[in-house]
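Survey of secondary and tertiary structure
Chain by chain, the residues run as shown.
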Amino acid sequence: QFLHLPDREGRLTYWELVGKLDQRAMMRKGLTPDDLFEHYIWSTFFTWDVAAHDDAHQVTVIADFRDFQLSVMTPTVMKVFMRVSKLLRTHFPAREHGIFVINAPPWIERAYRVVRPLISQAQRDKVRVIQGEEASLAALHALIDPANLPAAYGGTGPDLGLSPLEKLKRELALGAA
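Overview of the structure. (Residues numbered from 1 in each chain as written. Predicted model: local features only at pLDDT ≥ 70, side-chain atom pairs only at ≥ 80, totals over all residues. Heavy atoms only, no water.)

1. Considerations on the sheet that holds strand β3 (residues 59–64)
Pairing within the open sheet is mixed, and its 5 strands lie in the order β1-β2-β3-β4-β5. Each edge of the open sheet carries a strand with a single partner, namely β1 (2–4) and β5 (127–131). Each strand axis lies, on average, 20 degrees off the axis of its neighbour in the sheet, ignoring direction. Judged from the 6 bridges that link them, β3 and strand β4 (residues 96–104) form a sheet pairing that is parallel. (Pairing = 2+ DSSP bridges. Helix = DSSP H or I, 4+ residues; strand = E, 2+ residues; numbered from the N terminus. Axes fitted to C-alpha atoms, helices over the stretch in contact; angles between N-to-C directions.)

Printed below as a string of structure tokens:
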């Protein structure tokens with residue numbers, strides 16, 4: 001999860017690298033599903049209490065499915081997703097401007113049907129699924145100025161994790177700010 005530079009309309013972008021999720025690696029490091037959920041809570045509160053504290057602020061969510069494997073959708077991952085989804089629906093409704101699923105594999109529509117009932121109609125209306133790298137990059141460039149896009153996405157901006165907000169988030173997490 002990364003808060004990054006704004007889109008063309010000035011909304012913060014929030015990036016979720018879904019294809020990089022590695023439950024086995026997290027478990028080897030001793031992380032539990034509760035740890036992951038608490039991390040989401042902390043990141044969510046940072047987003048809404050620090051980065052976009054005005055209730056009128058919205059974010060643009062980018063969910064990158066590059067390298068995503070269906071095997072990632074374990075019962076544990078689904079449980080965390082459902083908990084996070086419920087938290088967001090309950091406490092932070094309508095804070096997303098749009099949810100852009102990029103680099104979506106061809107079978108994503110079938111997988112989306114599984115999680116779709118967990119998402120409100122208002123949220124579903126904001127979801128855009130973009131298949132393929134070329135179409136994904138074109139959509140990103142239409143949405144975000146290349147100066148705010150990481151090089152990995154054809155831009156000239158800082159890498160994900162290196163935006164000023166991400167640096168502040170790490171400082172706060174470490175108690176350094």
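Now that the structure has been shown, the text picks up again.
2. What about helix α4 (residues 108–115)?
All of the buried residues along α4 are I108, A111, Y112 and V115. Down the axis of α4, the sector holding all buried residues measures 105 degrees, keeping them to one side. Of the exposed residues in α4, those oriented more than 90 degrees away from the buried face are R110, R113 and V114. (Buried < 20%, exposed > 50% of the residue type's maximum accessible area, 1.4 Å probe, protein only. Arc of directions from axis to C-beta.)

3. Quick notes on the side chain of D64
Within the secondary structure, D64 is located in strand β3. Nearest to the buried, unbridged D64 among oppositely charged side chains is R66, at 4.0 Å. Looking at D64, its side chain comes within polar contact range of the side chain of N103, at 2.8 Å. Within polar-contact distance, the side chain of D64 engages the side chain of Y153 at 2.4 Å. In this structure D64 touches E16, L17, V18, G19, I102, N103 and Y153, once residues within four positions along its chain are discounted. (Lys, Arg positive; Asp, Glu negative; His and termini not counted. Salt bridge = Lys/Arg side-chain N within 4 Å of Asp/Glu carboxyl O. Polar contact = N/O pair within 3.5 Å; in protein donor to acceptor, adjacent residues only side chain to side chain. Contact = heavy atoms within 4.5 Å.)

4. Here's the deal with the pairing of β3
Across the 6 residues of β3, 6 count as buried, placing the element largely inside the fold. Burial of the side chains of β3 extends over both faces: V59, V61 and A63 are buried on one face and T60, I62 and D64 on the other.

5. A short note on the pattern of salt bridges
What the rule picks out here adds up to 5 salt bridges. Between D67 and K20 there is a salt bridge, with its nearest N and O atoms 3.4 Å apart. Here K20 lies in the loop between β2 (12–17) and α1 (23–28) and D67 lies in the loop between β3 and α3 (75–91), a separation of 47 residues in the sequence. By relative accessible area, which is 49% here, D67 ends up partly exposed. The exposure class assigned to K20 is exposed, which follows from its relative accessible area of 56%. The closest approach of N and O atoms between R66 and E133, which form a salt bridge, is 3.7 Å. Here R66 is found in the loop between β3 and α3, whereas its partner E133 is found in helix α6 (residues 133–143), with 67 residues between them in sequence. Overall, the relative accessible area of 26% leaves R66 in the partly exposed class.

None of this, on its own, says anything about what the molecule does.
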